[in-house]
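# Results of the structural survey
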Amino acid sequence: MTELRNVEADLSRFRTRVLAASLAVLACFLLLAMRLVYLQVLRHDDLNEQAENNRTAIVPIVPNRGLILDRNGIVLATNYSAYTLEITPSRLGTDLERTIDDLAQVVDIQPRDRRRFRKLLEESKSFESLPIRTKLTDEEVARFAAQRFRFPGVEIKARLFRSYPYGELASHVIGYIGRINQAEKKQMEEWDEEDQSNYRGTEYIGKLGVEQSLERQLHGVTGVEQVETSAGGRAVRKLASKPATPGNTVLLSIDIKLQKLIEDMYGERRGALVAIDPKTGEVLAFVSKPT
């Protein structure tokens, strides 16, 4: 027996399905259009700013620290430039320990370098670059540059280091600088916005003596540089810059030759001495043993 199909019923069902599918497609297009309007119109300014921030980066330019001189213009504290190998943990493409092991095959990384890096890592944020090796030789810089592509998140930077030509002589007067620790970072959070901004990118601060008491004068004014970055975060082009202002040179009343003479006379004996010019009240020598 032959079954007769109801053609009209089939066409009706087909039309219903086509209509439902058309409505579904239309709804999807409406959702896409609404999303497009939301992104392109309502959030245009916000997204444009985010895209610009991803394309560009504001890099602080740390100023040269001011010199410290004795009364005769003899340099007691100065700066010199050297290359450091630095890691930014948040930008690493592989495991941190594996990256350090691979780097050790390119440049000399000692166990003490690893210990210092781990200590810095505990005190810092993941987006800050931290030195794994300082004062690289020209040969080490060249070796790393040839294999730079293997190490995303690792780069070589030129840093300024403090130098004291007379070593321990008058060290309790001159003082020294050291890496900013957590306690000092918390103190900086209480500074006004201008002072905090001036220490962006600064890693070292005066810890004792003149280096500490005249920190603000010696530090200088931080500059800024706007650079265009690649997808890997590397700077490819400088867009704008405001140069840093070096710190002030500090002229002490100390006579370093007289200071050396008195310290040599003390030898290993304990004691203290202050030599003052009676006419002006200026301190010519300030000795404390042991230093």
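Just so you know, these numbers come straight off a predicted model, no measurement behind them.

### Overview of the pattern of salt bridges
Per the counting criterion, the structure on display carries 19 salt bridges. A salt bridge links E203 to R159; the shortest N-O distance between them is 3.5 Å. Of this pair, E203 sits in the loop between α8 (193-198) and β7 (204-206) while R159 sits in strand β5 (residues 154-163); the two residues are 44 residues apart in sequence, bridging distant segments of the chain. Each member of the pair, E203 together with R159, is buried. Taken together, the shared-partner salt bridges in this structure form one network comprising E86, E155, K157, R159, R179 and E203.

### Let's talk about the nonpolar core
Among the nonpolar cores identified, the biggest contains 18 residues, and L85, I87, L103, F117, I132, F144 and V154 are the most heavily contacted of them. Of all elements in the fold, only β3 (75-87), α3 (96-104), α4 (111-123), β4 (130-136) and α5 (138-146) reach the threshold of two or more residues within this core. Residues contacting V154, with those up to four places away along its chain left out, are L85, E86, I87, L92, T99, L103, F144 and R148. Counting 14 residues, the second-largest nonpolar core is a separate cluster that includes I68, V173, I174 and I254.

### Concerning the pairing of β4
β4 sits mainly inside the fold: five of its seven residues count as buried. Pairing analysis gives four bridges linking β3 to β4, with the strands arranged antiparallel. Residue pairing for β4: L85 is matched across the bridge by R133.

### Some thoughts on the environment of E184
One can find E184 in helix α7 (residues 182-188). Through-space distance from the C-alpha of E184 to that of I205 is 9.1 Å; in sequence the pair is 21 residues apart. Beyond its immediate stretch of four places on either side in the chain, E184 contacts R179, I205 and K207.

### Digging into the packing of α3 against α4
At a closest axis distance of 13 Å, the pairing of α3 and α4 adopts a crossing angle of 145 degrees. Taken as a pair, α3 and α4 cross one another with a handedness that is right-handed. Residues L96, E97, I100, D101 and A104 of α3 pack against R114, F117, R118 and L121 of α4. Its residues placed into classes, the contact of α3 with α4 shows five nonpolar, no polar and four charged.

### What about the packing of aromatic side chains?
Summed over all chains, the structure comprises three aromatic pairs. With a centroid separation of 5.8 Å and an interplanar angle of 25 degrees, the aromatic rings of Y80 and F161 are classed as stacked. You can see Y80 sitting in strand β3 and its partner F161 sitting in strand β5, a full 81 residues away along the chain. Among the residues examined, F161 registers a relative accessible area of 12% and is labelled buried. When the ring centre of F161 is taken as origin, the NZ or CZ atom of K135, which lies over that ring, is 5.4 Å away.

### Observations regarding unusual backbone geometry
Here the residue pair K289 and P290 is connected by a cis peptide bond, since its omega of -5 degrees sits within 30 degrees of zero. Counting through the fold element by element, P290 comes out in the segment after β12 (283-289). A positive phi angle is found at K135, which is not glycine, with a value near 55 degrees. Considering the arrangement of structural elements, one finds K135 in strand β4. Non-glycine residue A170 carries a positive phi angle of around 60 degrees.

### Remarks on α3
For α3, the full list of buried residues reads L96, T99, I100 and L103. With its buried residues spanning 100 degrees around the axis, α3 presents them on a single face. Packing partners of the buried residues in α3 comprise β3, α4, β4, α5 and β5. One side-chain oxygen of the residue at the start of α3 lies 3.1 Å from the amide nitrogen of E97, identifying that residue as D95.

Calculation rules
Residues numbered from 1 in each chain as written. Predicted model: local features only at pLDDT ≥ 70, side-chain atom pairs only at ≥ 80, totals over all residues. Heavy atoms only, no water. Salt bridge = Lys/Arg side-chain N within 4 Å of Asp/Glu carboxyl O. Helix = DSSP H or I, 4+ residues; strand = E, 2+ residues; numbered from the N terminus. Buried < 20%, exposed > 50% of the residue type's maximum accessible area, 1.4 Å probe, protein only. Core = buried A, V, L, I, M, F, W, Y, C linked by side-chain atoms within 4.5 Å. Contact = heavy atoms within 4.5 Å. Pairing = 2+ DSSP bridges. Axes fitted to C-alpha atoms, helices over the stretch in contact; angles between N-to-C directions. Left-handed = near helix turned anticlockwise from the far one by under 90°. Nonpolar A, V, L, I, M, F, W, Y, C, P; charged D, E, K, R; others polar. Phe/Tyr/Trp six-rings, centres within 6.5 Å; stacked < 30°, edge-to-face > 60°. Lys NZ or Arg CZ within 6 Å of the ring centre and 35° of its normal. Arc of directions from axis to C-beta. Polar contact = N/O pair within 3.5 Å; in protein donor to acceptor, adjacent residues only side chain to side chain.

Purely geometric numbers; function is a separate question.
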